[in-house]
Amino acid sequence: MTTAEPPRYRWLLHVDLDQFQVAVERLRSPELASETVIVGGNGDPTEARKVVTCASYEARGLGVRAGMPLRSAHRKAPDAVYLPVDAPAYDAVSAEVMDVLRAFGHPVEVWGWDEAFLGVGPVAEPGLAADEIQRFAIEVRTAVLARCGLECCIGISDNKQRAKMATGFAKAVSKTGDRSEVAPDRVFLLDDGNWLALMAERDTRELWSVGPKTAQKLAAHGIGTVAELIGTPRDRLISIFGPHQGNWLYVLCRGGGDPSIAVQPWVAKSHSKSRTFARDLTGPDELVHEAGELARELLEQVVAEKREVFRVAVTVRTTTFYTRTKSHKLRAATVSAGDLVPEVEALLAKFELDRPVRLLGVRFDLLDDGVVASGVERSADPS
């Protein structure tokens, strides 16, 4: 039995959300818009073996990069606001963005929280002209901004690899602020018409999917630029890298790549809600009331999806931006408010709070259909 190949498309749009985790935190806490923000670990920059997940452009200007140890980031940006990774919140916002993309009626292939490919027009049909697909891309990013409050860059080409590289051009221009020449709308098209002019003299490392080891191996054979790679016979590449990678490099350097879209259903593993309060909460009764409200609102979403909760988590952020999360796995999965609200209240009581609270968050981790979490029973009557 053979598996059908995924459909191939005339245009591939690569949608890349700008500084995604930082942008989500700024949506939740607008006062962070003017702050240097770094997201990573549990938000403690002194903790060992934790790395930066996302840095705001202000932090990047100080030399902070994703993947850098938090301690190193703290040395470069000691006055930055450090926040913990809140995966459920990013899951939720990312899902909203992907729903916006799907609403355009084209297949969407999701690549993590902040990236996706759209396939527009079957490859066998003429499809949209270059100027039309660029106008469509502008519509897409306008819709994402209007619906979700998030900026994105979009790269356009006839395959994933080149579309991803096109996004790099859109990003580079948007970061410098000089968008007048090539990407006035954070949208960039890279195709046969401008491929050599833009890529020929660049290092082979700038080809998407060429890693540092491959680039070093190419350089050791006197192949340092894309133009030099194009000028290398296919047989020589195969002799150096073998038939699979050698043929791939031969195609990639000429702008070739994968024009297909693989659509798979996305199912959230958890749902969360958080609220930043206009007036800081100071009393325990206030905290219990607000946490209970969040839990009940969240439960409505879970019940609507006919899912079950197997773990509860509560996040607290004080006025000093001290942020911590505590969680507890339930003995049995449930959607009973009578069970879940007391669990939330019990977790809240475990925090030792000596500062007013500016943000509360509640997260419910959910069972997948037919899958029971380790150590958790499925309730006989989830209602």
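As the structure is a computational prediction, the values presented were derived from the model and not from experiment. (Residues numbered from 1 in each chain as written. Predicted model: local features only at pLDDT ≥ 70, side-chain atom pairs only at ≥ 80, totals over all residues. Heavy atoms only, no water.)

1. So, the overall build of the chain
Here's step 1: Across its full length, the chain holds 13 helices and 13 strands.
Here's step 2: Considered along the principal axes of its C-alpha atoms, the chain spans approximately 70 × 55 × 40 Å.
Here's step 3: Put simply, the chain has 383 residues, and 46% of those count as buried.
Here's step 4: Residue pairs at least 24 apart in sequence account for 68% of intrachain contacts in the chain once pairs closer than 6 positions are excluded.
Here's step 5: Approximately 18,800 Å² of the chain is accessible, and the part contributed by carbon and sulfur atoms is 51%. (Helix = DSSP H or I, 4+ residues; strand = E, 2+ residues; numbered from the N terminus. Buried < 20%, exposed > 50% of the residue type's maximum accessible area, 1.4 Å probe, protein only. Contact = heavy atoms within 4.5 Å. Areas by Shrake-Rupley, 256 points an atom, 1.4 Å probe, with all protein chains shown as cover.)

2. Quick word on the sheet that holds strand 4 (residues 81–83)
Here's step 1: Taken in spatial order, the 3 strands of this open sheet run 3-2-4, and their pairing is mixed. In this open sheet, the two edge strands, each paired with only one partner strand, are strand 3 (54–55) and strand 4.
Here's step 2: Summarising the sheet, strand 2 (residues 37–39) and strand 3 pair through 2 bridges and their orientation is antiparallel. Looking at the pairing, I38 lines up with A55 of strand 3. (Pairing = 2+ DSSP bridges.)

3. Here's the deal with helix 4 (residues 87–102)
Here's step 1: With 16 residues, helix 4 extends 22 Å from end C-alpha to end C-alpha; this agrees with the ideal 22 Å at 1.5 Å per step.
Here's step 2: Those residues of helix 4 that sit buried are P88, A89, Y90, D91, V93, S94, A95, V97, M98, V100 and L101. (Expected span 1.5 Å × (residues − 1).)

4. Here we look at the pattern of salt bridges
Pairing between side chains becomes possible if they bear opposite charge and their charged atoms approach one another.
Here's step 1: Inspection of every chain in the model, using the stated rule, returns 25 salt bridges.
Here's step 2: Of the charged contacts, one joins D158 and R162 as a salt bridge, the two residues approaching to 3.1 Å between their closest N and O atoms.
Here's step 3: The class for D158 is partly exposed, based on a relative accessible area of 26%.
Here's step 4: Taking relative accessible area as the criterion, R162 reaches 1% and is therefore assigned buried.
Here's step 5: Between D365 and R363 there is a salt bridge; the shortest N-O distance is 2.8 Å. Across the pair, exposure class does not vary: D365 and R363 are buried alike.
Here's step 6: Sharing partners across several salt bridges, the network here consists of D18, R141, E151 and R186. (Salt bridge = Lys/Arg side-chain N within 4 Å of Asp/Glu carboxyl O.)

5. Examining the packing of aromatic side chains
Here's step 1: Evaluated as defined, the whole model comprises 7 aromatic pairs.
Here's step 2: Ring geometry for F104 versus F136: centroids 5.4 Å apart, planes at 90°, classification edge-to-face. Of the two residues, F104 is situated in the loop between helix 4 and strand 5 (108–110) and F136 in helix 5 (residues 130–148); the sequence distance between them amounts to 32 residues.
Here's step 3: Exposure remark for F136: the relative accessible area of 10% places this residue in the buried category.
Here's step 4: Taken together, the aromatic side chains of F20, Y90 and W113 make up a single cluster linked through ring pairs.
Here's step 5: The ring of F117 carries K160 above its face, with NZ or CZ at 5.9 Å from the centroid. (Phe/Tyr/Trp six-rings, centres within 6.5 Å; stacked < 30°, edge-to-face > 60°. Lys NZ or Arg CZ within 6 Å of the ring centre and 35° of its normal.)

6. Focus: the pairing of strand 6 (residues 115–122)
Here's step 1: Across the 8 residues that make up strand 6, a large majority, 7, are buried.
Here's step 2: The pairing of strand 1 (residues 9–17) with strand 6 spans 7 bridges and is classified as antiparallel. Residue pairing for strand 6: L13 is matched across the bridge by L118.
Here's step 3: Two strands pair when backbone bridges link them, and strand 5 and strand 6 are joined in this way by 3 bridges, in the antiparallel orientation. Across the sheet, the residue bridging to V110 is A116, located in strand 6.
Here's step 4: With antiparallel pairing between neighbouring strands as the criterion, strand 5 and strand 6 make up a hairpin whose turn holds 4 residues, including G112 at a positive phi of roughly 90°.

7. Remarks on unusual backbone geometry
In terms of backbone geometry, most residues other than glycine have negative phi values and most peptide bonds are trans.
Here's step 1: A positive phi angle is found at Q19, which is not glycine, with a value near 35°.
Here's step 2: As for its position among the elements, Q19 is in the loop between strand 1 and helix 1 (20–28).

8. A look at a positive patch on the surface
Here's step 1: Residues R65, R71, R75 and K76 make up a contiguous surface patch of positive charge.
Here's step 2: Looking at the element boundaries, K76 is found in helix 3 (residues 70–76). (Patch = residues over 30% accessible without salt bridge, like charges linked within 9 Å, V, L, I, M, F, W, Y side chains within 5 Å. Lys, Arg positive; Asp, Glu negative; His and termini not counted. Charge placed at Lys NZ, Arg CZ, Asp CG, Glu CD.)

9. Points about the environment of K50
Here's step 1: Secondary-structure assignment places K50 in the loop between strand 2 and strand 3.
Here's step 2: For the pair K50 and M68, spaced 18 residues apart in the sequence, the C-alpha separation amounts to 8.5 Å.
Here's step 3: Contacts of K50, omitting those with residues within four sequence positions, involve G41, M68, P69 and L70.

10. Details of the sheet that holds strand 1
Here's step 1: Ordered by their spatial adjacency, 5 strands build an open sheet running 5-6-1-7-8, and the pairing between neighbours is mixed. Single-partner strands in this sheet number two, and they are strand 5 and strand 8 (187–189). Ignoring which end each strand starts from, the neighbouring axes of this sheet average 20° apart.
Here's step 2: Contacts from helix 5 reach strand 1, strand 6, strand 7 (152–157) and strand 8, with the element oriented near 155° to strand 7. (Axes fitted to C-alpha atoms, helices over the stretch in contact; angles between N-to-C directions.)

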